[in-house]
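# Results of the structural survey
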Amino acid sequence: MTMLRLPTMVDVHVHMRVPGGEHKEDFDSGTAAALAGGVTQLLAMPNTSPPIVDAAIFDVAATQAAAQARCDYGIYLGATDENAPLNPALQRRAAGLKIYVNDTFGTLRVESLATMQNHFRAWRGPGPIVVHAEGLFVPACIALAAQYDQHVHFAHISRGSEIVAIRSAKERGLPVSCEVAPHHLWLDERDLPRLGPYGDMRPRLATEGDRKVLWEAVRSGVVDCIATDHAPHLREEKESNSPPPGVPGLETTLPLLLNAVQATRLTIEQVVALTATNPRRLFHLTEPAESYLEVEIGALWTLPERGWQTRPDWSPFAGERVAARLRRTVLRGQIAYEDGVVHAAPGSGRDVREY
Ligand SMILES: [Zn+2]
């Protein structure tokens, strides 16, 4: 058994369900899950209810986050057909601008090219434009990145054909980056009969062939970040007649990645780049001072059905055998998580755009 010290992780794609879905997750339970998974900075998506599309709703989410968060957080603004241009002062407070081009959970969706052009013309950041784009919408967003010289970050890329488009854009020097979610690396459509509604998310699980291309793209550096797309829903919601898409992921990503290191599918340097260095650079985030993870390598255990910090308390990876365990998360010199217990208090987390 060896202990390893690693930089704390950033998760640029998390659903905190605030406001309006707090029974699924809020900043209290969600940031506890983050610390238990080695994440000290998370960026929260705006497809809430109501969606975070103006200063008033942004303030509602930011006030709840300031009171409840146990780790550091940023909050995205969502693009609508009506809200471009967004106030520059509000842009500076946001994690980034999220544009939903494809259908997903919630009502946020942009449907016209003119709206896309308005947002691409007006966005100044510092966070990037993050797009949920699948299939043909990937090259469309690459063209917009080129036309407006705007950094576009592709959320949860899941298909081999999309990787081909992004690799080619990067080779041409265009300002694009992308993330892949653990469920698209560790699961594919062959797992659907076993998982049922617990394997339903957007984008849907892909083929074994897609999964191979994603792994190759992670290893070769075409993929910049691993982001969980942590999208919590309760068991009774998943087992209802209309199960919502999405799976939790904050607490299972680090053990899965360290398993990949032990299996020599990834190096530890690649894991650090994918979970810490790259997302901090791409989203203009400062690493919190005196913060690190302590991980025990060689500790065999099975990811459990229950006992998670996330409010829905289930995982699509339950039953997976892993060989590494997070022992400690240290944030700003304090033990924020240790051996199954979250010590950081609600309200101790900071807004990543305020330091
Ligand atoms: Zn998402």
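My aim in this report is to walk through the structure given alongside it, one point at a time. None of the values given here were measured: they were computed from a predicted structure.

## Here's the deal with the sheet that holds strand 11 (residues 292-302)
What the five strands build is an open sheet, ordered 1-11-12-13-14; its pairing is antiparallel. Each of the sheet's edge strands pairs with one partner strand only, and the pair in question is strand 1 (2-6) and strand 14 (341-342). In terms of strand pairing, strand 12 (residues 321-331) meets strand 13 (residues 334-338) through four bridges, oriented antiparallel. The residue of strand 13 that forms the bridge with threonine 329 is tyrosine 337.

## Some remarks on helix 6 (residues 160-171)
Here helix 6 contains twelve residues, and its C-alpha end-to-end distance of 17 Å stays within 8% of the 16 Å for a straight helix at 1.5 Å per residue. If you check which residues of helix 6 are buried, you get Glu162, Ile163, Ala165, Ile166 and Ala169. Buried residues in helix 6, looked at end-on, bunch into an arc of 160 degrees, giving them a common side. Here the buried face of helix 6 lies against helix 5 (137-148), strand 8 (152-154), strand 9 (176-180) and helix 9 (208-220).

## Comments concerning helix 1 (residues 27-36)
Extensive coverage of helix 1 is indicated by the burial of ten of its ten residues. Buried within helix 1 we find Phe27, Asp28, Ser29, Gly30, Thr31, Ala32, Ala33, Ala34, Leu35 and Ala36. Immediately beyond the C-terminal end of helix 1, within one or two residues, lies glycine 38, with a positive phi of roughly 90 degrees.

Conventions used here
- Residues numbered from 1 in each chain as written.
- Predicted model: local features only at pLDDT ≥ 70, side-chain atom pairs only at ≥ 80, totals over all residues.
- Pairing = 2+ DSSP bridges.
- Helix = DSSP H or I, 4+ residues; strand = E, 2+ residues; numbered from the N terminus.
- Expected span 1.5 Å × (residues − 1).
- Buried ≥ 20, exposed ≤ 12 C-beta atoms within 10 Å, placed from the backbone.
- Arc of directions from axis to C-beta.
- Contact = placed C-beta atoms within 7 Å.

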